[in-house]
Amino acid sequence: MTDYDYDLFVIGAGSGGVRAARVAAAHGAKVAIAEEYRVGGTCVIRGCVPKKLLVYGAHFAEDLKDARRFGWNVPAQCDFSWSTLRGNVMEEVDRINGAYTQTLTSHHVEIIAARATVAGPHEVALADNRTVTAKTILVAVGAHPSIPTFPGHEHGITSNEAFHLPDVPKRILIAGAGYIANEFAGLFHQFGAHVIIVNRTQEILRGYDVSIRDRLLQISIMKGLEFRFDAAFQKIERGDNNCLTVHMSNHEPAVVDCVMFATGRSPNTRGLGLETAGAELDQHGAIVVDADNRSTCESLYAVGDVTNRVQLTPVAIREGQAFADTLYGGKPTRVDYDCIPSAVFSHPPLAGVGLTEAQAKEKLGSVRVYTSDFRPMKNVLAGRNERSLYKMVCDGETGRVVGLHMIGPDVPEILQAAAIAVKAGLTKDQFDDVVALHPTMAEELVLMK
Ligand code: NDP
């Protein structure tokens, strides 16, 4: 018997929280989950899912052009309806939101549709002035877009609002050059917008292998995207005609219809009452946790973006699963953060796993790099001058593949499978032992020179 209202109270019904709540309940715990907005969290409601559907929608712009070279009679003028796509995407979001809610209720998890804050090591305050108690509290409240503050920054939107725009802007300036910036730049460009990417440094996608991001930059410029580097925002002014004039250092002002900030995400810890439980935060406001997701308060745990470890949905899900299995399933589990594959759904997409060439050189000293730089068959017939690049980074001593980095059509799909081999520690020779599956793009993985 427990003296608490719940064995587990989860704050935040995103990817990590929902997984933890469902699995803990399946293991027999009495669980409640509070969500102030919609069950599903960033990934389902305003992140990975709707973004990927927009990326699919955007791809038709090129596919329809290419189709002519494959004999299809596509009219010169193909109309695109943003409102149709936006509506259909939101319907799909509603469906998944329903499925997530159903999963929780079918596992007897009590859903509390209200903001909840921590009121003590075992206490949670709800927006309706109730306070409930729990033996364990799990904080899985995610992160929010962080926006640099400068005069006029309030005229900008973030990706949260981009899904609900009334129309595709004719000209959009995207601040930042990371994941969200490159994904939305690609899709807005395909929908016909003129896109300007503005970054504070000279790089895009810091952290990815330099050859791969250089290739994306080249292809993006070739497609007509505009990049401005080493730019610090000074001010944004709204003109009479609703246009926005963005002033920045080192560049002429840019006049656009929309500014979107994609300048990183910060943990949602402000006002959450974590200090009442003695849970420590780091300098970015993230909850400090140990390898078992436990904070500096013994009864309070945290998973997902609020801990600012690896801001990726599948990582949050694994953390939620490990938390629930460890505490309620009698199966102590820790997440292995080594070799996490990731992808950017830009046009074309890129994906990577393991060490970049630079990281491998620093860590291992002796490194061998193999590449395949090719024009996919489909692009050749389509007359599309876009080359793919696959890069394999190997330990110079053992031949073990320590990194794989790719840009080109479908590379996220290809890399997920190849990441299994990289994680398993296979060598270049073992890759080469496999007969090529011809004709595919993925066959390059076993033919690299
Ligand atoms: P990223 O960290 O990927 O990129 C942030 C960009 O903004 C960088 O170019 C950075 O510059 C710049 N920047 C950061 N702070 C400032 C500032 N104060 N002023 C001006 N520029 C700044 O963040 P995103 O917002 O694109 O995405 C957030 C997270 O969401 C990602 O880290 C990723 O984990 C996740 N995500 C994952 C996706 C996927 O898996 N496909 C898709 C979308 C998001 P620089 O680095 O050059 O210094």
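Reading the values: rules and limits
Counting restarts for each chain, with residues numbered from 1 along the sequence as it is written. In keeping with the predicted nature of the model, local features appear solely for residues at pLDDT of at least 70, side-chain atom pairs appear and are counted solely at 80 or more, and the whole-chain, interface and lining totals rest on all residues. Excluded from the side-chain calculations are hydrogens and water; all other atoms, namely the structure's heavy atoms, are used. To be near a molecule or strand, a residue needs just one of its heavy atoms within 4 Å of it. N or O atoms within 3.5 Å of each other form a polar contact, as long as, within protein, one can give a hydrogen and the other can take it, and as long as residues adjacent in sequence are counted only when both atoms are side-chain atoms. Only the protein chains shown count as cover for residues, with accessible areas throughout obtained via the Shrake-Rupley method and a probe of 1.4 Å. By the convention adopted, Pro, Cys, Tyr, Trp, Phe, Met, Ile, Leu, Val and Ala count as nonpolar, Lys, Arg, Asp and Glu as charged, and the other residues, Gly among them, as polar. The axes are straight lines fitted to the C-alpha atoms, using for helices just the contacting stretch, and the angles between their N-to-C directions are given from 0 to 180°. Helix and strand definitions here come from DSSP, where helices need a minimum of 4 consecutive H or I residues and strands a minimum of 2 consecutive E residues; each element is numbered from the N-terminal end. Each crossing gets its handedness from the near helix: less than a right angle anticlockwise from the far helix is left-handed, clockwise is right-handed. Contact definition: two residues touch when any of their heavy atoms are within 4.5 Å. Type-normalised accessible area, obtained with a 1.4 Å probe on protein chains alone, sets the label of each residue: buried when under 20%, exposed when over 50%, and partly exposed for intermediate values. Any two strands with at least two DSSP-identified bridges between them are counted as paired. Only the six-membered ring of Trp is used, alongside the rings of Phe and Tyr, when aromatic pairs are assigned; centres must lie within 6.5 Å, and planes under 30 degrees apart are stacked while those over 60 apart are edge-to-face, with the rest tilted. Either the NZ atom of lysine or the CZ atom of arginine qualifies as a charge over a ring when it sits within 6 Å of the ring centre and within 35 degrees of the ring normal.

### Quick look at the site of the ligand
Part 1 of the argument: Around the ligand lies a shell of 20 residues, among which Ala177, Thr201, Arg206, Gln311 and Ala343 are the nearest.
Part 2 of the argument: A distance of 2.9 Å separates an oxygen atom of the ligand from a polar side-chain atom of arginine 200.
Part 3 of the argument: With the chains in place, 78% of the 910 Å² that the ligand exposes on its own is no longer accessible.
Part 4 of the argument: Residues belonging to the shell around the ligand are distributed by class as follows: eight nonpolar, seven polar and five charged.

### Side note on the packing of helix α3 (residues 48-69) against helix α4 (residues 82-106)
Part 1 of the argument: Two numbers describe how α3 lies on α4: the axes approach to 10 Å, and their chain directions differ by 145 degrees. Handedness of the crossing formed by α3 with α4: right-handed. Mapping the contact onto sequence places Val49, Pro50, Leu53, Leu54 and Gly57 in α3 and Trp82, Leu85, Val89, Met90, Glu92, Val93 and Ile96 in α4.
Part 2 of the argument: For the contact of α3 with α4, the class distribution of residues is 10 nonpolar, one polar and one charged.

### Quick word on the pairing of strand β22 (residues 401-407)
Part 1 of the argument: Buried residues dominate β22, accounting for seven of its seven residues.
Part 2 of the argument: Where strand β19 (residues 350-354) lies against β22, five bridges are found, and the strand directions are antiparallel. If you follow alanine 351 over to β22, its bridge partner there is methionine 406.
Part 3 of the argument: Judged from the six bridges that link them, strand β21 (residues 388-395) and β22 form a sheet pairing that is antiparallel. Its bridge partner lying in β22, lysine 391 is registered against histidine 405.
Part 4 of the argument: Remark: five residues form the turn of the hairpin made by β21 and β22, two consecutive strands paired antiparallel; glycine 399 in that turn has positive phi of roughly 80 degrees.

### Structural notes on the sheet that holds strand β15 (residues 258-261)
Part 1 of the argument: Read from one edge of the open sheet, five strands run β8-β15-β9-β10-β11, paired in parallel fashion. Only two strands of the sheet have a single partner each, and these edge strands are β8 (157-158) and β11 (226-228).
Part 2 of the argument: Along the sheet face, helix α6 (residues 179-190) touches β9 (171-175), β10 (194-198) and β15 and points at about 165 degrees away from the line of β10.

### Side note on the packing of aromatic side chains
Part 1 of the argument: Taken as a whole and assessed by the stated rule, the structure comprises 13 aromatic pairs.
Part 2 of the argument: Taking the centre distance of 6.1 Å and the plane angle of 70 degrees together, the rings of phenylalanine 323 and tyrosine 328 count as edge-to-face.
Part 3 of the argument: What makes phenylalanine 323 buried here is its relative accessible area of 1%.
Part 4 of the argument: Judged by its relative accessible area of 19%, tyrosine 328 is buried.
Part 5 of the argument: Members of the aromatic cluster, joined through ring pairs, are Phe80, Trp82 and Phe191.
Part 6 of the argument: It is lysine 30 that lies over the ring of tyrosine 6; its NZ or CZ is 5.3 Å from the centre.
Part 7 of the argument: It is lysine 428 that lies over the ring of tyrosine 370; its NZ or CZ is 4.7 Å from the centre.

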